[in-house]
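# Observations on the model geometry
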Amino acid sequence: MATTIPNSLLKYSGTSISDLLQSSSNGVNGVPLKSLGKSSSSTCLIRRRRDLSVSALIKKGKRKDDHPWPEDADPNVKGGVLSHLSHFKPLKTKPKPVTLDFERPLMDLEKKIIDVRKMAQETGLDFSDQIIMLQNKYEQALKDLYTHLTPIQRVNIARHPNRPTFLDHVINITEKWVELHGDRAGYDDPAIVTGLGTIDGQRYMFIGQQKGRNTKENIQRNFGMPTPHGYRKALRMMYYADHHGFPIVTFIDTPGAYADLKSEELGQGEAIAFNLRTMFGLKVPIVSIVIGEGGSGGALAIGCANKLLMMENAVFYVASPEACAAILWKSAKASPKAAEKLKITAPELCKLGICDGIIPEPLGGAHADSAWTSQQIKIAVTEAMAELKKMDIPELLNHRMLKFRSLGGFQEGLPVEPEKKVNMKQKEEPIVQSEDISKTSDIELEGEVEKLREQIMKARESSTELPKLGMDEMIEKLKKEVDQEYAEAAKAMGLTDSLNKLRDEFQKSRKSSEQAMDPILVEKIEKLKADFNLGLSEAPNYASLTYKLDMLKEISKAKKLSEQNEKAMMLKQDINKRFKEVMNRSDVKKKIEALEAEMASARSSKDEALAKAVKEKIVKVKKEVEFELADVLKSLRLDVDIVKPKTKALSEQIPVPELKYRIDELNEDINEGIEEAISSTDLKNKIELLKLEMVKAGKTPDAETTKKIDTLKQQIKQKLAEVLTSSPLVDKHAKLKEEIAQAGENSGESDESILKEDLRYGDSGVGIGAGRTYG
C-alpha cells in the first residue's frame, strides 16, 4: 500500500482520536478508519480529496497459511475450534508395515495364514481348523518373543518407524488441546512441541520431543533432535506453567540434542544446563514419560521430574549402544553386547531406581495398538499426578531433589572381572604381623581344616553329600593365606620392589590377551622366578607356606572327587529308580517267581536233563530282563553293551572309589609334570616363539613360515615326550594298569554257578550277568 498525505492538519467532522491510525509502519499518519473505503476495481483508491491520495495493490490468489482451518470447520471438533490451527493432521495413507530382523519368523507364520485363507477362498474348501491352529501358533510365538526380548531388540522397537509419537499420544489422551509456539528469542523449533491440554477436566502443560511419521516429517522435525531454540521454548512454557499453576507432563523421545556447528554457536550446552537448573525450582508437579529412546542430555533437559515413567520397550541411555560399542570394542557390530552392559531398558532402570514405573505395551510394541497404549499413558499420568498433588510446595521440591540425590550406588563383595583387575591399583596393607597373632591364626586355620576333614569322613561313611559350601569357603581362605605367605616370603628375600616393577612392566606390555610377550620380559620373569624359588626354602615362613599348600591341595582334591561322586550318585539314583519300576512290573515278577519255583525243584532233583533245561530257561529270562533294563538305560541316553555272564562286576572285586581316587591322583601328577615341563625356560621360550610366528603369519602364512611353525611344534612335542617318559609317572601308570588287569582276570566264575545264583536285584540296579558301559 502506498500513501501520500500532506503534513497539514486534517480536520474531519465526527472524528475522534481513537479513529486515527497511530502507527506509522504502513506510511499512514492520522487517517481516520472511517475515511478508508473499498473499490470494486483491482486498484482500490480512497475517496479523492484535495491534496490527498492513497493507493493500495490487492494481492492476487490466496496463501496457504491465511486460513489453516477449512471453510466448513466443525465447531464441535475434539480439542475445540483452535485444533483446526494445528499443522499435525492424521496421515492420509496408512504407514507401511516394517518388519524388524528378529520378527521374521513371525512374518513367515503370518504369510502361511494368508496363503491358507487365499487357498480356502479359491477352492471353496474348509480350512478353518488349519487357520485356527496357525493363528494359535502365531499368537504363542508372538508371546514367547516379546516376553523374552534382549536389550538390543528393545532398542530396535523403541526406534520403530511406526511407533506412536508425542502428538499421537497427546491427541488421544486429551479432551482439548492447543499448541503453543516459539521461544521469543529466535524461531519455532519443530523438534519440540509444547501446548496446553486437559485430561478429565484438569489442565496440563505438555512438552515433548516430536519425531516424524515419514521421511518428509522427519526432515521437518529434524528426526526429533532439538536445537537450543527448542529447549528455550520448553523453558518458556515451564515458566508459563509455573506462573499459572499448571502441572507439567513431558514426553521424551529423542536420540539426543542436535550437535551441529550452528547449535553449538547458539549455546546448546547452556540451554540444556539452564533447563536442568530451572526444572529443580519449579513449584508445580512434573511427570516425565520416555515413550521411545531417551538419549543423553537432550532427553534429560526436559526429564528432571518428580516421577520418571518409561514405556515397556523404551530405552534411556547416556550413549547409544552403537556409539558405546565403537568406543569400547572399536566396532558398531558389538552393539548387542553394549546394550546389555549399559543397562538401558525399563526393567533394568527400574531396578536401579532411575525409573519410577513401567507403562505396559501390547504384544508387538506400541505401534501394534497405539490407542490402547495412549490410554495406559493417561492412566499412569493421572495416578502419578494424584499422588504429587497431595504434596505442598516445599515437600514437592524436596521430593524432586531427593529423587536425583538417591541415584547411583556401589556394591561390595562382588568378584572383579580379570580385565578390570589388571588395571586396578592394588590396595597397600601391612602384611607382616606379630608372631603371636600369626601363630594364633595358623592354629585356628588348622582347627577349621581338621573339622572339615571330620565332616568329609563322616559324609563318606554315611554316604551323604559332602559339605561342599564349607569346602569352597575353606579353599578361598587357604588361597588368601597362601598368597599372604608368598608375599611375606618375597619381602623377607627383598624381592618385593623387583616384583612390583616387573608387574607394572608386564601390565604395560600386555595390552591385549592375544599379544605375545616380549622375550626380554619373559627372561626377566624367569630370572625373578628362579631367584624366588632358590631362596624360598630359606624364608622364615617356608614351613607354614608348605603346610598351607599341602592343605589346599588335599581339600581341592577332595572337592573334585566329591563333585564327581555327586554326578555319579545322581545318575545311579536315576538308574535305580527306573530299574525298580521295571522289576516291579507284574509280568516281570511272574516270570521270576515261576523261574524260582523251577530252580527249587531242580535243586531237589538229580535229573541232569531237568537242570540243563532250567539253566537254559534262566539264561533266556535273564536276557529278556537285560533287554528291558537296556531299554531303560538307552532312554537315559546311555550307551549299553550286553555281554555274556562270564565275569562278575569289577566293582565286586576291587574297591572302585579307591581305584578311582588313584587314577585321578595319577592324572593330576601327569598334569603337574606337564606344567613343570612347560614352565622350564627352554620350552617356554619355544612356546613364545611359536606364538610370535603364528601372529606374524596371520591367516595366510607362506611356505617358510609354515615350515618354521611345524618345526617348533615338533620340538615342543618331542620335549614334552622326553620329560614325561623320563619321569616316574611311567612306572606308576604301568603298575596301576597291571592291578586293573589282574583284578579283571581274577573275577571269573563258572557256568555251574548259574543255578546257585538267586534272582535278586540290589539297589545298584545291575542286571543278571550283564556287563554295561555307560557313555
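Predicted model only: the values in this text are computed from it and were never measured. (Residues numbered from 1 in each chain as written. Predicted model: local features only at pLDDT ≥ 70, side-chain atom pairs only at ≥ 80, totals over all residues. Heavy atoms only, no water.)

Within the chain, the secondary structure is distributed over 27 helices and 11 strands. Buried positions account for 34% of the 775 residues belonging to the chain. Residue pairs in contact within the chain that sit at least 24 positions apart in sequence constitute 71% of those at least 6 positions apart. (Helix = DSSP H or I, 4+ residues; strand = E, 2+ residues; numbered from the N terminus. Buried < 20%, exposed > 50% of the residue type's maximum accessible area, 1.4 Å probe, protein only. Contact = heavy atoms within 4.5 Å.)

For any pair of aromatic rings, the description rests on two quantities: the centre-to-centre distance and the angle between the ring planes. Per the counting criterion, the structure on display carries 9 aromatic pairs. Each ring, one from Trp177 and one from Phe206, has its centre 6.1 Å from the other, and the planes form 75 degrees; the classification is edge-to-face. Taken as a pair, Trp177 in strand E4 (residues 176–180) and Phe206 in strand E6 (residues 202–209) lie far apart in primary sequence, 29 residues in all. Taken individually, Trp177 and Phe206 each receive the classification buried, so the pair is uniform in this respect. Members of the aromatic cluster, each reached through a chain of ring pairs, are Phe166, Trp177, Tyr204, Phe206 and Phe251. Lys403 extends its terminal NZ or CZ atom over the ring of Phe404, reaching a point 5.8 Å from the ring centre. (Phe/Tyr/Trp six-rings, centres within 6.5 Å; stacked < 30°, edge-to-face > 60°. Lys NZ or Arg CZ within 6 Å of the ring centre and 35° of its normal.)

Attention shifts here to the pattern of salt bridges. Opposite charge on two side chains permits pairing when their charged atoms draw close. Under the criterion given, the structure shown has 14 salt bridges. Linking Lys233 and Asp188 is a salt bridge whose minimum nitrogen-to-oxygen distance equals 2.6 Å. Placement of Lys233 in helix H6 (residues 228–244) and of Asp188 in the loop between E4 and strand E5 (192–199) is noted, with a sequence separation of 45 residues between them. Overall, Lys233 belongs to the buried group, its relative accessible area being 1%. The class of Asp188 is partly exposed, set by a relative accessible area of 31%. Counted as one network, the salt bridges with shared partners bring together Arg159, Lys211, Asp253, Glu293 and Glu322. (Salt bridge = Lys/Arg side-chain N within 4 Å of Asp/Glu carboxyl O.)

Here we come to the state of the cysteines. Here the structure, examined in full by the defined rule, presents 0 disulfides. Of the cysteine sulfurs around Cys350, a residue in no disulfide, the closest is that of Cys355, at 4.6 Å. Note on Cys355: relative accessible area 3%, which makes it buried. (Disulfide = S-S within 2.5 Å.)

Among the 8 residues that make up E6, 6 are buried, leaving the element largely enclosed by the rest of the structure. Sheet topology places E5 next to E6; 8 bridges connect them, and they run antiparallel. Residue pairing for E6: Leu196 is matched across the bridge by Met205. Taking the residues between adjacent antiparallel strands as the criterion, E5 and E6 are bridged by 2 residues, where Asp200 takes a positive phi near 55 degrees. Taken together, the 4 bridges between E6 and strand E7 (residues 248–254) define a ladder with parallel strand orientation. Counted as the bridge partner of Met205 is Ile248 from E7. (Pairing = 2+ DSSP bridges.)

Bringing the nonpolar core into the picture now. In terms of nonpolar packing, the biggest core is built from 57 residues, with Phe206, Ile207, Ile248, Phe251 and Ile289 touching the most fellow members. Here this core takes 6 residues from helix H13 (residues 370–388), the largest share from any one element. Each residue touching Phe206, except ones within four places of it in the same chain, is listed here: Phe166, Val170, Ile173, Thr174, Trp177, Val193, Thr194, Gly195, Gly197, Ile199, Val249 and Phe251. Ranked by size, the runner-up nonpolar core spans 17 residues in total, among them Leu528, Phe532, Ala539 and Leu545. (Core = buried A, V, L, I, M, F, W, Y, C linked by side-chain atoms within 4.5 Å.)

Bringing the confidence of the model for the chain into the picture now. On average, residues of the chain score 75 in pLDDT, and 71% of them are at 70 or above. Below a pLDDT of 50 lies the segment residues 1–50, which in the model reaches 57 contacts outside its immediate sequence neighbourhood of four places, other chains included. Counting contacts from residues 644–654, a segment whose pLDDT is below 50, to residues more than four positions away or on other chains yields 19 contacts. (pLDDT = per-residue confidence, 0-100.)

Its 13 residues place the ends of helix H14 (residues 393–405) 18 Å apart at the C-alpha level, agreeing with the 18 Å of an ideal helix rising 1.5 Å per residue. Among all positions in H14, only Leu396, Arg400 and Lys403 are buried. End-on view of H14: buried residues confined to an arc of 60 degrees, all on one side of the axis. Exposed residues lying more than 90 degrees from the buried face of H14 are Pro394 and Arg405. By the N-cap criterion, in which a side-chain oxygen at the helix start approaches the backbone nitrogen of a residue two or three places on, H14 is capped by Asp392, the distance to Glu395 being 3.0 Å. (Expected span 1.5 Å × (residues − 1). Arc of directions from axis to C-beta. Polar contact = N/O pair within 3.5 Å; in protein donor to acceptor, adjacent residues only side chain to side chain.)

A word on the pairing of E5. Summarising burial for E5: 8 of the 8 residues are buried, a large majority. Of the two faces of E5, the one lined by Ile192, Thr194, Leu196 and Thr198 and the one lined by Val193, Gly195, Gly197 and Ile199 are each fully buried. One ladder, built from 5 bridges, connects E4 with E5; its direction is antiparallel. Each bridged residue has a counterpart across the sheet, and for Val178 the counterpart in E5 is Leu196.

At Asn222, a residue that is not glycine, the phi angle is positive and equals roughly 60 degrees. With respect to the element layout, Asn222 can be found in the loop between helix H5 (215–220) and H6. The phi torsion at Lys343 lies on the positive side, around 55 degrees, for a residue other than glycine. In this structure, Lys343 sits in the loop between helix H11 (335–342) and helix H12 (346–352).

So, about the packing of helix H10 (residues 321–328) against H11. Axis separation between H10 and H11 bottoms out at 8 Å; the angle between their running directions is 105 degrees. Compared by their axis directions, H10 and H11 come out roughly perpendicular. From H10, Pro321, Glu322, Cys324 and Ala325 reach across to H11, where they touch Ser335, Ala338, Ala339 and Leu342. (Axes fitted to C-alpha atoms, helices over the stretch in contact; angles between N-to-C directions. Parallel < 35°, antiparallel > 145°, perpendicular 65-115°, else oblique.)

This paragraph deals with the side chain of Ser263. Within the element layout of this structure, Ser263 appears in helix H7 (residues 261–265). Taking relative accessible area as the criterion, Ser263 reaches 4% and is therefore assigned buried. Sequence-distant contacts of Ser263, defined by excluding residues within four places in its chain, comprise Thr227, Pro228, Tyr258 and Gln268.

This brings us to the packing of H6 against helix H8 (residues 268–279). Viewed as axis vectors pointing N to C, H6 and H8 meet at an angle of 20 degrees, and their least axial separation amounts to 9 Å. It follows from the interaxial angle that H6 and H8 lie roughly parallel. Regarding H6 and H8, the two cross each other, and that crossing is left-handed. Of H8, the residues touching H6 (which contributes Pro228, Tyr231, Arg232, Ala234, Leu235, Met238 and Tyr239) are Gln268, Glu270, Ala271, Ile272, Phe274, Asn275, Thr278 and Met279. (Left-handed = near helix turned anticlockwise from the far one by under 90°.)

Now for a nonpolar patch on the surface. A cluster of nonpolar side chains, namely Ile327, Leu328 and Trp329, defines an oily patch on the protein surface of about 310 Å² accessible area. Mapped onto the elements of the fold, Ile327 is located in helix H10. (Patch = residues over 30% accessible without salt bridge, like charges linked within 9 Å, V, L, I, M, F, W, Y side chains within 5 Å. Areas by Shrake-Rupley, 256 points an atom, 1.4 Å probe, with all protein chains shown as cover.)

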